[in-house]
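Analysis of the macromolecular model
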Amino acid sequence: MYTFNTNKNKSIASSPFDNPAVWAASITALEGLATDLLGLENYILPFFPMLNSTTGNLFDAGGGGCIKMVTFFCGNFGVILLNPAYSATKTGRRTALDILEKMISVTMVRGAQSGGVVSFISRSSRHPDQIMGMRSRVVNRKRTDLSKGIRKKIESDALRISTGSKFGGPCEPKAGSLVKTYVGHTRFATSSIASFDGTHPHQWTPPRLWRCYDLSRNNSNSGRQPGSTPTLVENFITHNGDFDFYDLNGMSYGLDSVQSWLERVTSYEMPSAVDSAAIAGVVDVLHTHGCFSLSIRYVVCLGLTTSKIGEEVDLPAHMDYARLAQFFEVSLDQHLEGTGHRLDFISAMPEEREFLEHLVISMLALELHDEGALLPFAKFLTADEEGGASLAHFARAVIDAFFDNDLLWTVQTFLQHAKGSFGLCVTSAQSAHRQLCIASRGQTNSIAFFARSGIICYGSEQAAVKAGMCFPTPGGDIGRNDGTFDERPLRYDLDDLNGEICLLDWGGENGDTKPDVSIPNRHLPVYKLMDGRVNLVLIREGKKETNGFLYHRMTMLDPKDHEFMKPLPEDYTDPIAQDIRDIPRICRQIQDDWRGFTPGTKTSLNRLTAWNFTKCLQKRMQSLHSQSIERQSGTIDILLTGCEVSFEQFASDLQKAFPRLRITAISSNKLLGLFGQDMEIPSIGFPFSQRTFDFKGSIMIIVSHSGGTFAPLACANLLQSMSDNIFVVTSEWDVQIGKQLRGMHSEKDHILNSHIFTTDVGLRPAEPCSISVVATQQLLTNLFSHICIILLSNPNFRDVSGAIITERDLEELERCNIENIGALEKIVGFDSDGNELFKEMKTTENELREMGALWAKHVLENAKAYCWCFVYVFVTVTTGWPVARAVSNAIGVEHDNWYYFIGFIDSAIFFWMPQMAILVIRMIEGRNLRHRMVSRTVIIGDCPWVSQCAEAFLGKIFACSYSIAGCGVLSGNPTDHLVHRHTHRVLRGSLLLCGRPDGRLSALTSLETSVCLSINQASSIQSIGGTCESVTIGHNPFQLPLSKKAIFLERARPMYLCERMLGEIDLKATVDKRRTKSIGFANLKKAAAKSGKNSIKAEELSESKRQFDFDSRSAAALQGAYHNLSKEATKGENNRHVSSSVALQVTQHDPLEDILAQAKNERQRATNMRGVFNEMDEDGNGKINADQFIAKYYLVDSTLSRDQVYKIFLEADHDKAGYIDYDKFLGIAEMPALQMLRALQTINRPRSLLQVEPSSELYFGEQLRGEAEQSVGLLSIEQSQHFSMELYEGRIASMQRFVAMTVMFHEMGKKVENFFSRYTLGLLGYRYDRTHSIMRIATTASPISGADVRERTHLLMLSMKIKRSLEVVSFAWHRYRQKQQEEAIRRVGFTPSSDRISRGGSR
């Protein structure tokens, strides 16, 4: 509707039509007919001169008809269609909307509760040269697709405009007369609910007609005809981020003050309480180009030293602005007529502006009387010139604002005074035909140029701009097509850390190719793009760039031009299923890429990054070894941060492997709370503060699979002030966080200096995360092995880090890592090439999907019962024959005698119909009848990273399900808090899924026992004979008695020695038993008789593997078996001191059973060690060289070769001094026998590549057992593999269980979604790959604000530079003092005292 303010002081007229109320009613009736009947929402009603008002709603004198549009029905995006083919034909328009829909679909990963687009149309057929905005906004519903909803709204609005244009309303411009633009935004509400008024694009002031001049630069008609014309003025903005404060004249004003002030400045109520609407209001005040009325308002409100923001400010009315503007207009018109100059010439010449200023002042000198036009502004002016608000200052400011306050200046000025984070796009009806302004500060924005298609795409999401390559150009490509750099698809990423503004200007009419920029910014370089059709003007806050820098920051988008660039993914009907199918392929791809086996690629990005990572790690370790780093209590060697879960497992494994290193895993939000805020956010409950961390020189690994999550992205900027050694693990090279790291090393080659580890998964739109989690886990496993091999390759690094892990552990982990691909293939049912497996190979997948289908039946039983009840009630009530009455009538029962009883039976059936329906459904489906008839709760138990990721996966799958078929999801660690947190939630029918570690491995037996105990405790809580339905997933083929189902995963790895030992014992017992009964295997009898030993050979074990490989044994039984094995081993061997393997301590006897005897012998052992050392030290200098060590060693033990003994010497001489002293000798002497044996093993890897070769043993420990069986007990060898087993559980087995859970939950969610889609013919269908918020990537600052991150980053960088400068100065000063002292000593000469000092110093 359009509302007009009437004059409150006007007397009541005698004629009915002189009454404002009558006119208002008439206008309302006409408007209702125009909008409701004819669909002319945007129709501008003609001006009625009798409706004067104090607010200045005038067409003449600079006022405008007050127009209020009502249109029925967070990431930025937009398309600029320079190619007329996109608007000239139906196919072109459809392709343009296809591109827009694709951009919205990709941008929706940032959150999409609502969204909108503004495009521009002609005001009317009578005013085709004036354009106005048409907003199409949609508030997304829970189960609708926002991208499709916005497209439908645009199409319906276009149809309505087309209909209204026939009646003189707004119309689409003629093809080719206006470059079509779509400026849009998707919103994820943070400061308010997702509402229509809070949906972007935002506009504070509705469109108004103001008297304006045409100041278009290089316009041949500009200024030829003096006088202003009524022009429609309106501004639109889209904004991603937060707007907190606005600074004016040294004062900061909060958002609330700005909002209330804007209502009085503009005379319009606040359109929305969101902060972005206030940005639109400030833009309305700032953008005054070519309009004296608006320029006067700007100067009064923001342009004088007396201007301030506050409720106490009494501002002039709009009519006052229009009245005073007449004096400026008359002065300008006189000047134009008198000189014959053009407006552009006057704008560019300071003396011309000064002359115009004098003309205005001479006319305003007499306007301060009681009725003068200047009187309402007197309180804002000062009498003296020094006050900065004199009449001269005022006139000069108004003239400058008239000429200078264009779109670029407006955005620049706003960002100079605003505080917050801004991903901003600003457009105005006055200049939308040729330019658009985009800005970034703390929020990302990217612009893509497609010269051959003739379009420009921009967006907050980098991947979204690739939509321009997804569709063919209508009518074929345009441009030269000569293969030049400018012809390729290019993307420019704005500098969101320092802040950057970009003006896109594609020229005006009559071949105008110069950008329309006002005088304050005409000094900026102009970059020509797309064969000169587009001008790019950039403002980088705090930086000055030269003309040649642009193309260095451009990124080629076409994968044909850039080997690390990935196209947008295809649209799949089931993205979750596709993600799961791709898991084996991606894991294989990551492994091959890491090892350099990927065919068809020129460069392995991960290998390049690993090379740079190696240099940083070696430098850090060398500093630790040389003690050049002052280690304090808070010194961190390796920091891992992000918002993922799996990096905590990685940090845990790395810390166990190298206990002397300080490795910390901390959430990115906590880091931002500590270091990214002006006021530190306390980490209550966590031992974190600014004083507990010292990140100087630390190696930092940021894990962000999407690469766009706000917290890790902000940390990538923040941490640059603390260390240069920042690396990221992400989904592909072309992500936002990768851009930030490349910006750190812009002076170097991006590729060769890569700091980006990538899973190469690309954009995955499905919100339930499966492949991204698994791929990250896989990449971190490879990174773990790489870090370990770097530290193990140098004895000094091993010593400094206190390495526990060995190369044999890494070889075993690598073997498990490679064979893990086969296990994943059987779990998901697809091989690593994407082909479906044969039916007989899908046993595991079928079991998982059958269990998922069963749980889907549990969830759907209420919905099915509801349908049954509906049919029953509908049929019985409609026919009037309930069941009991119909049966009684059929058998001839007298209704009069049994009427009430029959009614009672029918009532009871109606009352208990849902319960009866559920029982019947359960009996038909063969499910448990004792479960409670309520919505189901799924409880997931596993190690932290698996349980949390699986909880998020299932929770998101059911996020959009209907309440009648929903389920709650909980998770916990069964070895920690699962029982304590969730036992009270265990009810009849609760669904418990637990992952079980492989207890067949001795290091994990007690872990599985703990998990089984938790499952049994939960399953033992019964009521009416029923309990929770527990299902386990694991590798140990034993089903717990109280569990419903046990799904066993195949063991895709060689056996460990402990499994081999138990197998041999079991096989031997089986053979002995059969021998006793004379029913044995003939081959085994012959082998045993021939060997004369009780052990079983490898061939025999392989032949009879089934005797123990699939022998189901509980974790408790396995624990008992290993305990017995330990006792047998203890009885069968003499427990020597762990150093006996060196054979230097043969005289020592240290039984493990006698701790007291061990304590008594400590002093004697030390004496003996000193004696052995002195015997080796022939020259008595306290040092043993290599020759002395080898010669004396052979006197004790001649079984080792000279090279092996020399290797022992090198192991002791870790600092490469060429000798070993007594301390080093003790270290090698006290080394456990098994560790000494490991030191003698040959390293099975190419050292030049720093890669780990997989173990080739038949079973893990085979080689070690063969070489150490006589000197070291099997139990010691088996125990040496415990850490390898833990790594297998944390890196490999847990991943397999997580993938198994995703397969099961996918089937569960798919069955539920299919039920509603199938039985309602699609009416109640929904996409279970999305949630209500549709937020795949958390790009908004939450829960930690991003307002202070940019300022804190700059502050920390400055502080670091100052500290480094002081260190350099201090170092130089000490060097200078040292040289001065040395020079003084040389002048004095060498005295005895100085000689003693010198010799003492050398010591």
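Remember, it's a predicted structure, so these values are computed and weren't measured experimentally.

Here is what the cut-offs are and how they apply
- Residues numbered from 1 in each chain as written.
- Predicted model: local features only at pLDDT ≥ 70, side-chain atom pairs only at ≥ 80, totals over all residues.
- Heavy atoms only, no water.
- Helix = DSSP H or I, 4+ residues; strand = E, 2+ residues; numbered from the N terminus.
- Buried < 20%, exposed > 50% of the residue type's maximum accessible area, 1.4 Å probe, protein only.
- Areas by Shrake-Rupley, 256 points an atom, 1.4 Å probe, with all protein chains shown as cover.
- Salt bridge = Lys/Arg side-chain N within 4 Å of Asp/Glu carboxyl O.
- Phe/Tyr/Trp six-rings, centres within 6.5 Å; stacked < 30°, edge-to-face > 60°.
- Pairing = 2+ DSSP bridges.
- Axes fitted to C-alpha atoms, helices over the stretch in contact; angles between N-to-C directions.
- Contact = heavy atoms within 4.5 Å.
- pLDDT = per-residue confidence, 0-100.
- Patch = residues over 30% accessible without salt bridge, like charges linked within 9 Å, V, L, I, M, F, W, Y side chains within 5 Å.
- Expected span 1.5 Å × (residues − 1).
- Bend = angle between axes of the 7 residues up to and from the residue.
- Polar contact = N/O pair within 3.5 Å; in protein donor to acceptor, adjacent residues only side chain to side chain.
- Parallel < 35°, antiparallel > 145°, perpendicular 65-115°, else oblique.
- Left-handed = near helix turned anticlockwise from the far one by under 90°.
- Nonpolar A, V, L, I, M, F, W, Y, C, P; charged D, E, K, R; others polar.
- Core = buried A, V, L, I, M, F, W, Y, C linked by side-chain atoms within 4.5 Å.
- Right-handed = clockwise from strand over helix to strand, strands pointing away.

On a plain count of helices and strands, the protein comes out with 44 helices and 27 strands. Each of the 1403 residues in the protein was classed as buried or not, and the buried ones make up 56%. Within the structure as shown, the protein displays about 60,100 Å² of accessible surface, and the carbon and sulfur contribution to it stands at 54%.

What follows deals with the pattern of salt bridges. One pass over the structure, following the stated rule, counts 57 salt bridges. The salt bridge partner of Lys842 is Glu845, with a shortest N-O separation of 3.4 Å. With a relative accessible area of 12%, Lys842 lands in the buried category. The residue Arg849 makes a salt bridge to Glu845 at a minimum N-O spacing of 2.9 Å.

This paragraph deals with the packing of aromatic side chains. Considering all chains together, one arrives at 34 aromatic pairs under this definition. Plain terms: the ring middles of Trp594 and Phe757 are 5.7 Å apart, the flat faces sit at 20 degrees to each other, and that makes the pair stacked. Highlighted residues: Trp594 in helix α14 (residues 583-595) and Phe757 in strand β22 (residues 756-758), separated in sequence by 163 residues. Assessed through its relative accessible area of 8%, Trp594 is described here as buried. Each ring, one from Phe613 and one from Phe757, has its centre 6.1 Å from the other, and the planes form 70 degrees; the classification is edge-to-face. Linking Phe613 in helix α15 (residues 605-626) with Phe757 in strand β22, this pair joins segments that are 144 residues apart in sequence. As far as burial versus exposure is concerned, Phe613 and Phe757 are alike and both buried.

With that out of the way, let us pick up the sheet that holds strand β20 (residues 699-703). Sheet architecture is open: five strands sit in the order β19-β18-β20-β21-β22, paired in parallel fashion. Two strands in the sheet have a free side with no partner beyond their single neighbour: β19 (663-667) and β22. Looking at each pair of strands side by side, their axes are set apart by 20 degrees on average, direction ignored. As defined by bridge partners, strand β18 (residues 638-642) adjoins β20 across five bridges and the pair is classed as parallel. Paired with Leu639 across the bridge in β20 is Met700. Docked against the sheet, helix α18 (residues 710-718) engages β18, β20 and β21 (726-730), running at close to 155 degrees with respect to β20.

What follows deals with unusual backbone geometry. Where the residue is not glycine, phi is negative for most of them; where a peptide bond is considered, it is trans in most cases. Of the consecutive residues His200 and Pro201, the connecting peptide bond is found in the cis state with omega at -5 degrees. Relative to the helices and strands, Pro201 resides in the loop between β4 (180-187) and β5 (208-212). Located in the positive-phi region is Asp531, a residue other than glycine, with phi close to 60 degrees. Relative to the assigned elements, Asp531 resides in the loop between β15 (526-529) and β16 (534-540). One non-glycine residue, Gln627, adopts positive backbone phi at about 60 degrees. Its location among the elements puts Gln627 in the loop between α15 and β18.

This brings us to the pairing of β15. The side-chain alternation of β15 yields one buried face, formed by Tyr527 and Leu529, and one unburied face, formed by Val526 and Lys528. Connecting the antiparallel pair β15 and β16 is a turn made up of four residues, with Met530 showing a positive phi of about 55 degrees.

The next thing to look at is the side chain of Thr635. Tracing the chain through its elements places Thr635 in the loop between α15 and β18. Look past the residues within four positions of Thr635 in its chain and what remains in contact with it is Arg620, Glu630, Arg662 and Asp694.

Here the protein averages 80 in pLDDT, and 79% of its residues register 70 or above. Scored below 50 in pLDDT, residues 1078-1082 shows seven contacts in the model against residues more than four places distant or in partner chains.

Quick look at a nonpolar patch on the surface now. On the surface, Tyr866, Phe870, Val871, Phe874, Val875 and Ile964 cluster together into a nonpolar patch covering about 600 Å² of accessible area. Mapping Val875 onto the fold places it in helix α23 (residues 843-879).

In space, the eight strands of this open sheet follow the order β3-β2-β4-β1-β12-β11-β13-β17, with antiparallel pairing throughout. Strands at the two margins of the open sheet, each flanked by one partner only, are β3 (127-139) and β17 (554-556). Recorded for the sheet is a direction-independent mean angle of 20 degrees between the axes of neighbouring strands. Across the sheet, helix α3 (residues 90-107) lies against β1 (75-81), β2 (114-124), β4 and β12 (455-459), angled at about 165 degrees from β1, the strand it touches most.

Every α-helix carries 3.6 residues per turn, so stepping three or four residues along brings you back to the same face. In this model α23 runs 50 Å from its N-terminal to its C-terminal C-alpha over 37 residues, within 8% of the 54 Å that 1.5 Å per residue would give. By the largest-angle criterion, Leu860 marks the main kink of α23, which is about 50 degrees. Two residues or fewer past α23, Gly880 is found with a positive phi of approximately 75 degrees.

Moving on, we come to helix α17 (residues 668-675). Among the eight residues of α17, seven are classified as buried, and the element is accordingly described as predominantly covered. Of all the positions in α17, only Ser668, Asn669, Leu671, Leu672, Gly673, Leu674 and Phe675 are classed as buried. The backbone nitrogen of Asn669 has a side-chain oxygen 3.2 Å away, supplied by the residue at the start of α17, namely Ser667.

Turning our eyes to something else, we now look at the packing of α14 against helix α22 (residues 807-828). The N-to-C vectors of α14 and α22 enclose an angle of 160 degrees; their axes lie 8 Å apart at closest approach. Here α14 is positioned roughly antiparallel relative to α22, judged by the angle of their axes. In the packing of α14 onto α22, the handedness of the crossing is left-handed. Mapping the contact onto sequence places Ile583, Pro584, Cys587, Arg588, Gln591 and Arg595 in α14 and Glu814, Asn817, Ile818, Ile821, Leu824, Glu825 and Val828 in α22. Tallied by class, the residues present in the contact of α14 with α22 amount to seven nonpolar, two polar and four charged.

Judged by nonpolar contacts, the single largest core of 126 residues is most densely connected at Phe784, Ile805, Trp855, Phe1305 and Met1308. Looking at this core, the element that brings in the most residues is helix α42 (residues 1282-1319), giving 18 residues. Residues in contact with Ile805, not counting those within four places in the same chain, are Ala657, Phe658, Phe784, Cys788, Leu792, Leu810, Phe1283 and Leu1287. In terms of nonpolar packing, the next biggest core, distinct from the first, is built from 76 residues, Tyr253, Ile279, Cys301 and Val426 among them.

Once that is clear, we can look at the environment of Ile940. Relative to the helices and strands, Ile940 resides in strand β23 (residues 936-941). Put simply, Ile940 and Glu951 are 11 residues apart on the chain and 6.7 Å apart in space, counted from C-alpha to C-alpha.

On to the packing of helix α8 (residues 318-339) against helix α10 (residues 350-364). Here α8 crosses α10 at 130 degrees, and the two axes come no closer than 9 Å. Between α8 and α10, the angle falls in the class oblique. Note on packing geometry: the crossing formed by α8 with α10 is right-handed. Residues Leu324, Phe327, Phe328, Val330, Ser331, Leu332 and His335 of α8 form the contact with α10, whose own contacting residues are Glu352, Phe355, Leu356, Leu359, Val360, Met363 and Leu364.

The residue Ser114 is located in strand β2 in this model. A relative accessible area of 0% means that Ser114 is categorised as buried. A polar atom in the side chain of Ser114 sits 3.2 Å from the side chain of Thr199. Leaving out residues up to four positions away in the same chain, Ser114 has contacts with Val138, Val139, Asn140, Leu146, His185, Thr186, Arg187 and Thr199.

Taken across its five residues, β21 has five buried, putting it largely inside the fold. Pairing between β20 and β21: four bridges, direction parallel. Note on β21: the bridge partner recorded for Ile702 is Val728. In this view, the connection linking β20 to its parallel neighbour β21 by way of α18 has right-handed handedness.

Our next topic: the environment of Thr473. Within the secondary structure, Thr473 sits in the loop between β12 and β13 (490-493). With relative accessibility at 10%, the residue Thr473 sits in the buried group. Separated by 20 residues in the primary sequence, Thr473 and Ser453 have C-alpha atoms spaced 5.5 Å apart. The residues contacting Thr473, other than those within four sequence positions of it, are Asn83, Tyr86, Arg452 and Ser453. Among the polar contacts made by the side chain of Thr473, one reaches the side chain of Ser453 at a distance of 3.0 Å. Side chain to side chain, Thr473 and Asp477 meet in a polar contact 3.0 Å long.

Let's shift gears to the environment of His705. Tracing the sequence through the fold places His705 in the loop between β20 and α18. By relative accessible area, which is 7% here, His705 ends up buried. Residues His705 and Thr776 lie 71 residues apart in sequence; the distance between their C-alpha atoms is 7.2 Å. Excluding residues that lie within four positions of it along the chain, His705 makes contacts with Glu644, Val729, Thr730, Ser731, Thr759, Val761, Ser772, Ala775 and Thr776.

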